[in-house]
Amino acid sequence: MAASTAGLAARRLFLPWSARLVRASGSGERCVHVGTGRLRASKAATEVILNVPETRVSPLENGLQVASEDSGLSTCTVGLWIDAGSRYENEKNNGTAHFLEHMAFKGTKKRSQLDLELEIENMGAHLNAYTSREQTVYYAKAFSKDLPRAVEILADIIQNSTLGEAEIERERGVILREMQEVETNLQEVVFDYLHATAYQKTALGRTILGPTENIKSINRNDLVEYITTHYKGPRMVLAAAGGVCHDELLDLAKCHFGNLPSAPEGGLPPLPPCRFTGSEIRIRDDKMPLAHMAIAVEAAGWSHPDTIPLMVANTLIGNWDRSFGGGVNLSSKLAQIACHGNLCHSFQSFNTCYTDTGLWGLYMVCEPSTVQDMVHFVQREWIRLCTSATENEVARAKNLLKTNMLLQLDGETYESFLFLVEVCADNSDIFSPISGSTPICEDIGRQMLCYKRRIPIPELEARIEAIDAQTIREVCTKYIYDKHPAVAAVGPIEQLPEYNKICSGMYWLRE
């Protein structure tokens, strides 16, 4: 987002007019009460005026939602957010959603792959896509004047991809090489294992890319069936941000997406239920120099009222690595302990949300000799949140969470405030530092799918501010205390305690 406009958009605050004290200038040092009855302005002066662009939302007859924010920039981002990811697959077709994303740019009925690439490059635009466990996204970044062409291209690749046999065979090899690259990223490997053990034998336990045998067997019929089943109007949001006119965008949507099928008579396929199972998976390899581990409990879904307190608790735990300055003077107590005792190379707390469930926990990288101590202090800090979280540290975490939220909308951070973090396939662009209109468009698209509206920043700030230490203690006790966690560990993990011992560390015994 451009700093000039989006900076204003991100800094929206409620002003409690009825309780403000304004110190008057001069030697008298007298305080003047400014209340709703004392304002000189008319009724409008008693209302909170937010100097931000409006997020406008309009539905099409087929159920597709059109949402946009016009910030007057010379560039724009427009994309199609689809409520269909790897969670909607089964064991036989796992990997289809990601395979389909690859095929979208390989030519349509009116554009060859070369024609598509040349048209995008001649516009000076960028076209990209990514797949997560619950969503698939196709988006374009372009000049505002090219919005009609960008929307038309998105509509063409979604509805008219040729899915040629030659292109399918070529992409099969590309995806298999991509899987090999993912296997070298130990953090992604650990998180895939964490999902596999936490949601075993359910859709969330499967990877986004799918197993090798599926990639080798997926055919055109599988791709067409997935599109026919899931690419419906009610499951889609056309989101745009930057220099976009909502009325123009709505007309473009009616023209290019108006013929998309709506929900069938029997309704859309239901969301597959995913049961959390406290369990573990260990891949011991003593040849590796460091142990990579994740431990997590089941958390709340997107719209659950406990999600915001869990975010504050997640921020309170924080993250750390050896490159950080501050050492034992850091505000995070776990960071102080890790630094002082040289317990790990790095750790990162996470709160991964899905529609009806989530994972709240910690990812850490340790020397083989410090694994046991690090796990012990992580669990001790978790139990401390349940029993003795203080108002001061909760206030600090709330301020940091609000700062991260605003910075994300300025394009300064890697993770989305509300959607931290589904691990996405092909995320090289989404998780890189981004600016311009893209963070706002991402925020609109995801929130429209998850909440059916875009939650205003002031509302989020108010919900965060309402949390106190008692709320954190109650929510953490609900989700952490005496719960069986999911554990995934790779590397030299001989010192990792047995699972029953880890479970015994999830409650506190007075000594």
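Residues numbered from 1 in each chain as written. Predicted model: local features only at pLDDT ≥ 70, side-chain atom pairs only at ≥ 80, totals over all residues. Heavy atoms only, no water.

Asker: Sorry if this is basic, but what is going on with the side chain of Lys232 here?
Answerer: Tracing the backbone through its elements, the reader meets Lys232 in the loop between helix H8 (220–230) and strand E8 (236–242). Within the buried set, Lys232 has no salt-bridge partner at all; the shortest N-O distance to an opposite charge, 11 Å, is to Glu225. (Helix = DSSP H or I, 4+ residues; strand = E, 2+ residues; numbered from the N terminus. Buried < 20%, exposed > 50% of the residue type's maximum accessible area, 1.4 Å probe, protein only. Lys, Arg positive; Asp, Glu negative; His and termini not counted. Salt bridge = Lys/Arg side-chain N within 4 Å of Asp/Glu carboxyl O.)

Asker: Before we go on, may I ask you to explain the sheet that holds strand E14 (residues 486–491) in this structure?
Answerer: The strands making up a sheet are joined through hydrogen bonds of the backbone, oriented either antiparallel or parallel. Here we have six strands laid out as an open sheet, ordered E9-E14-E10-E13-E12-E11, and mixed in their pairing. On the outer flanks of this sheet lie strand E9 (280–284) and strand E11 (319–321), each paired with one strand and no other. Taking the axes of each pair of neighbouring strands and ignoring which way they run, one obtains an average angle of 15° across the sheet. The sheet contact formed by strand E10 (residues 291–299) and E14 spans five bridges and is antiparallel. In the sheet register, Ile295 faces E14, and the bridge partner there is Val487. Contacts from helix H6 (residues 186–198) reach E9, E10, strand E12 (346–353), strand E13 (358–366) and E14, with the element oriented near 145° to E14. (Pairing = 2+ DSSP bridges. Axes fitted to C-alpha atoms, helices over the stretch in contact; angles between N-to-C directions. Contact = heavy atoms within 4.5 Å.)

Asker: What is the right way to look at the pattern of salt bridges in this model?
Answerer: Two side chains of opposite charge can pair, provided their charged atoms sit close to one another. A full pass over the atoms with the stated rule returns 25 salt bridges. Across the salt bridge formed by Asp286 and Arg284, the nearest N and O atoms sit 2.9 Å from each other. Residue classification places Arg284 among the partly exposed residues on the basis of a relative accessible area of 49%. Salt bridges linked by common partners bring Lys110, Arg111, Glu119, Arg149, Glu152 and Asp156 together as one network.

Asker: Looking at this model, I keep getting lost on the pairing of E8. Mind explaining?
Answerer: Along a regular strand, successive side chains alternate from one face of the sheet to the other. Most of E8 sits inside the fold, with seven of its seven residues counted as buried. Of the two faces of E8, the one holding Met236, Leu238, Ala240 and Gly242 and the one holding Val237, Ala239 and Ala241 are both buried throughout. Sheet topology note: the strand E4 (residues 65–70)/E8 ladder contains six bridges and is parallel. The residue of E8 that forms the bridge with Glu69 is Ala241. Pairing analysis gives seven bridges linking strand E5 (residues 75–82) to E8, with the strands arranged antiparallel. Within E8, the position partnered with Thr77 by the bridge is Ala241.

Asker: Any chance you could explain the nonpolar core here in plain terms?
Answerer: Within soluble globular proteins, side chains that are nonpolar tend to cluster in buried spots. Core analysis: the biggest nonpolar cluster contains 53 residues, and Leu64, Val78, Leu127, Tyr138, Ile157 and Phe257 have the highest contact counts within it. Here the element with the most residues in this core is helix H4 (residues 147–159); it accounts for eight residues. Once you skip the residues sitting within four places of it in the chain, Ile157 turns out to touch Ala104, Phe105, Thr108, Leu116, Leu127 and Tyr138. Core analysis: the second largest hydrophobic core is formed by 52 residues, Val375, Ile464, Ile472 and Met506 among them. (Core = buried A, V, L, I, M, F, W, Y, C linked by side-chain atoms within 4.5 Å.)

This is a description of form; function is not addressed.
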